[in-house]
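Next come the chains, spelled out residue by residue.
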Amino acid sequence: QVQVVESGGGLVQPGGSLRLSCAASGDISSIYTMGWFRQAPGKLRELVATVSSAGGTNAAESAKGRFTISRDNAKNTVYLQMNSLNVEDTAVYYCAADISPSGSGIRRYYWGQGTQVTVSS
């Protein structure tokens, strides 16, 4: 059984920072791309940033210069450091990981349950 679990959300004032973490666990053979998405009320889920197994990153324009994605392959964990947060960043943040479970011969994206980030004064 493969699980992806986020942590680190919360309430922060505008201009503040938060660090999200996401750990994959279970019977895993390989983890490929890991990433963060978010969904604000009444809006579609959107990409925030991704990081490949080799460390290559991709980020949405809204995240560039403020958010940094990184990963620790030894811990099967991806992080999202968010700085200079504003009210428009308020959303549920979801982690997704492209995983091949051991012995399965397949790979697919596994999603976390989401963590709420609220930016408010």
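Everything below is about the structure shown above.
Here we summarise the structure given alongside this text. Treat the numbers as computed from the prediction; the structure is a model and nothing was measured.

Turning next to the sheet that holds strand 1 (residues 3-7). Strand pairs in the sheet, formed through backbone hydrogen bonds, run parallel or antiparallel to each other. One open sheet holds the four strands; their spatial order is 1-3-8-7, and the pairing between them is antiparallel. In this open sheet, the two edge strands, each paired with only one partner strand, are strand 1 and strand 7 (67-72). Averaged over all pairs of adjacent strands, the angle between strand axes in this sheet comes to 15°, irrespective of strand direction.

Further remarks concern unusual backbone geometry. With a phi angle near 50°, N76 is a residue other than glycine that sits in the positive phi range. Locating N76 in the fold gives a position in the loop between strand 7 and strand 8 (77-82). The exposure class of N76 is partly exposed, given its relative accessible area of 25%. The phi dihedral of S84 is positive, around 50°, even though this residue is not glycine. Relative to the elements of secondary structure, S84 occurs in the loop between strand 8 and strand 9 (91-101).

Right, let's talk about the side chain of T115 for a bit. Positionally, T115 belongs in strand 11 (residues 115-119). Among the residues examined, T115 registers a relative accessible area of 11% and is labelled buried. At a separation of 3.2 Å, a polar atom in the side chain of T115 contacts the main-chain amide nitrogen of G9.

What counts and what doesn't
- Residues numbered from 1 in each chain as written.
- Predicted model: local features only at pLDDT ≥ 70, side-chain atom pairs only at ≥ 80, totals over all residues.
- Heavy atoms only, no water.
- Pairing = 2+ DSSP bridges.
- Helix = DSSP H or I, 4+ residues; strand = E, 2+ residues; numbered from the N terminus.
- Axes fitted to C-alpha atoms, helices over the stretch in contact; angles between N-to-C directions.
- Buried < 20%, exposed > 50% of the residue type's maximum accessible area, 1.4 Å probe, protein only.
- Polar contact = N/O pair within 3.5 Å; in protein donor to acceptor, adjacent residues only side chain to side chain.

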